[in-house]
Structures are given as structure tokens and as C-alpha cells.
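Structural features, examined
So the chains spell out like this:
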Amino acid sequence: TYPDPEGRAVVEGMGVSSAFVIPMIARNEVVGVMAFIRSDPENEFEPDELQLAATLASRAALAVQNAQLYARQTTVAQALQQAVLPEALPMLDTVDLVARYEPALDGAGVGGDFYDVFRLPSGRVALAVGDAARHGLQAGALMGQLRNALRAYAAQERGPAVTLRSLSELIAGLEPDAFATAFYAELDPDTGELVWASAGHPPPVLTFPGRSPSYLDGVASPPLGIFTESDTEGGRLVLPA
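Residues numbered from 1 in each chain as written. Predicted model: local features only at pLDDT ≥ 70, side-chain atom pairs only at ≥ 80, totals over all residues. Heavy atoms only, no water.

Topologically, Thr 163 is positioned in helix H4 (residues 160-174). When sequence neighbours within four positions are dropped, the list of residues in contact with Thr 163 reads Leu 150, Tyr 153, Ala 154 and Tyr 184. (Helix = DSSP H or I, 4+ residues; strand = E, 2+ residues; numbered from the N terminus. Contact = heavy atoms within 4.5 Å.)

Let's shift gears to the pattern of salt bridges. Pairing between side chains becomes possible if they bear opposite charge and their charged atoms approach one another. With the rule as written, the count across this model stands at seven salt bridges. With a shortest N-O distance of 3.0 Å, Arg 236 and Glu 193 are connected by a salt bridge. Within this pair, whereas Arg 236 is found in strand S10 (residues 235-238), its partner Glu 193 is found in strand S6 (residues 193-199), the two being separated by 43 residues in sequence. Where salt bridges share partners, they join Asp 116, Arg 147 and Arg 151 into one cluster. (Salt bridge = Lys/Arg side-chain N within 4 Å of Asp/Glu carboxyl O.)

Our next topic: the environment of Val 31. Tracing the sequence through the fold places Val 31 in strand S2 (residues 29-38). In the structure, Val 31 is positioned 34 residues away from Gln 65 in sequence and 6.9 Å away in space, judged by C-alpha atoms. Those residues in contact with Val 31 that sit more than four places away from it in its chain are Met 24, Ala 61, Val 64, Gln 65 and Gln 68.

This part is about H4. With 15 residues, H4 ought to run about 21 Å at 1.5 Å a step, and its terminal C-alpha atoms sit 21 Å apart, in line with that. For H4, the full list of buried residues reads Pro 160, Ala 161, Val 162, Thr 163, Leu 164, Arg 165, Ser 166, Leu 167, Ser 168 and Ile 171. (Expected span 1.5 Å × (residues − 1). Buried < 20%, exposed > 50% of the residue type's maximum accessible area, 1.4 Å probe, protein only.)

So, on to the side chain of Arg 147. Here Arg 147 shows up in helix H3 (residues 137-155). A polar contact is formed between the side chain of Arg 147 and the side chain of Asp 116, at a distance of 3.4 Å. (Polar contact = N/O pair within 3.5 Å; in protein donor to acceptor, adjacent residues only side chain to side chain.)

This part covers a nonpolar patch on the surface. A contiguous nonpolar patch, built from Val 10, Met 14 and Ile 37 and spanning about 270 Å² of accessible area, is present on the exposed surface. Among the structural elements, Ile 37 can be located in strand S2. (Patch = residues over 30% accessible without salt bridge, like charges linked within 9 Å, V, L, I, M, F, W, Y side chains within 5 Å. Areas by Shrake-Rupley, 256 points an atom, 1.4 Å probe, with all protein chains shown as cover.)

Looking at the secondary structure, you find Tyr 184 in strand S5 (residues 180-187). When the C-alpha positions of Tyr 184 and Gly 130 are compared, they lie 8.5 Å apart, and in sequence the two are 54 residues distant. Setting aside anything within four residues of it in sequence, one finds Tyr 184 in contact with Leu 120, Ala 126, Leu 127, Ala 128, Leu 150, Ala 154, Pro 160, Thr 163, Leu 164, Val 195, Trp 196 and Ala 197.

As a further point, take helix H1 (residues 5-14). An α-helical turn contains 3.6 residues, so any two residues separated by three or four positions project in the same direction. Of all the ten residues making up H1, one are buried; the element is thus mostly uncovered. Residue Gly 15 follows H1 closely and has a positive phi angle near 70°.

Together, Asp 40, Glu 42, Glu 44, Glu 46 and Asp 48 give the surface a local cluster of negative charge. Look at Asp 48 and you get exposed, because its relative accessible area is 55%. (Lys, Arg positive; Asp, Glu negative; His and termini not counted. Charge placed at Lys NZ, Arg CZ, Asp CG, Glu CD.)

See below:
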């Protein structure tokens with residue numbers, strides 16, 4: 001049973017007089033074994049003790065398998081989350097970009113939030129933030145689709161409100177029971193004009209040197225996936241040089 005000399009020495013040092021091993025089986029999969037030993041030669045295992053050990057092994061196996069499944073799902077969800085985020089911010093001549101991503105993971109798992117910055121064909125700069133109303137794999141997969149779709153719709157340069165409406169119609173067709181929030185803005189680096197629209201997303205904070213931070217006010221539409229007929233822009237302003 002113990003061909004390894006070191007393993008045999010450990011067992012012999014424990015003074016084992018009897019032992020049995022029970023496989024830990026969960027959903028027809030062996031995830032480990034549980035070993036029970038006794039060192040008193042006069043104290044043998046009873047049938048009811050064997051049944052108790054089998055019950056313990058079965059429950060422990062299910063707990064181990066659930067932990068392994070959760071770990072795998074979390075790893076995949078984290079990979080999806082990183083895939084949704086931009087690998088690097090674009091280098092622009094007239095705009096300095098800095099980003100810091102701090103997900104709130106306590107008790108929530110991996111979420112479906114993302115941010116993105118990219119240059120439009122006209123030279124305007126597109127800025128987007130979004131969040132799916134889910135967590136884990138479903139949220140990550142949904143936001144990956146929305147991020148790619150947002151880039152495609154934004155490239156048509158029909159304005160932030162129309163871009164978000166197109167996204168809303170897309171998510172309603174993909175997953176009727178799902179919804180997400182998003183904020184999308186376009187900045188003209190030559191004039192400083194910022195035009196934006198919001199689909200149920202919390203307003204961003206705007207800061208200027210020498211001024212107190214303030215929320216970017218404007219009209220917010222319903223979240224993505226909740227159809228709206230309105231194409232009204234959320235707002236526009238000219239940023240100071």
C-alpha cells in the first residue's frame with residue numbers, strides 16, 4: 001500500500017492498526033479520497049461508523065466540487081472582464097488620457113462594467129462607460145458584445161443619443177430579460193465641445209482647475225434594453241482650454 005519508504009515510515013510511526021479509504025464522489029466524479037485510521041488494535045471500525053464516514057465523504061465531495069466550479073467560473077469571468085477593458089489608452093495629440101479601474105468585488109463577484117476611449121473617423125474622441133445589471137460570466141459576455149457594438153455604431157457618427165438607442169435595440173433583441181447602463185460622449189479636441197447621452201448610468205464628475213467638482217448634468221434616458229423613442233441628446237458644453 002505504501003511503496004514509498006518515507007510514506008511507509010510515516011504510517012508505521014502513527015501506529016496504524018486498521019484503516020479504510022472512501023472515494024469522494026460528486027455527480028459521478030471522483031474529486032478525492034478520505035482516509036480513516038485507528039491505532040488501537042482492539043477498537044475496530046463498526047458498520048455504522050463506515051456509513052457515517054461514507055456520508056461525510058459524499059458531503060465533502062460536493063463542497064469540494066462546488067468550490068472548484070466557482071473557482072473556474074471566477075477565472076473565466078475575470079478573463080472576460082479584462083478582455084472587455086482596453087489594453088492601452090490611445091495616444092492623442094490634443095487630449096491627455098488617464099484611466100484607473102477599481103472594481104467593487106466584495107460579495108458581488110466579477111461584474112459586467114467597462115470603459116473605452118477611441119478616436120472616431122472625424123477626429124472626435126469617443127468616451128464610454130457601461131455596466132450590465134448582472135455579475136459573472138453572463139455580465140462579462142454581454143458587455144463584450146455591447147462594447148464591440150458601441151464602437152461600430154459610434155463609427156457611423158450619428159451622435160451619442162442615436163448610438164445608445166441602437167445599443168438599446170441590440171440588447172433588447174439579444175437578451176430581452178437583460179439590461180445595462182451606459183454613458184457615451186464625443187469630444188471635439190479642436191473646439192472643446194463635449195456632446196453626451198446617458199442610458200440610466202450615474203452621471204460622471206467634471207472637474208476644472210480652481211473649481212469644485214460637479215456632476216455632468218443632462219437628460220438621462222432609460223437603461224439599455226428598455227426601448228425609448230427619444231433621440232434627444234443628454235447635453236452639450238464647451239470645455240475650457
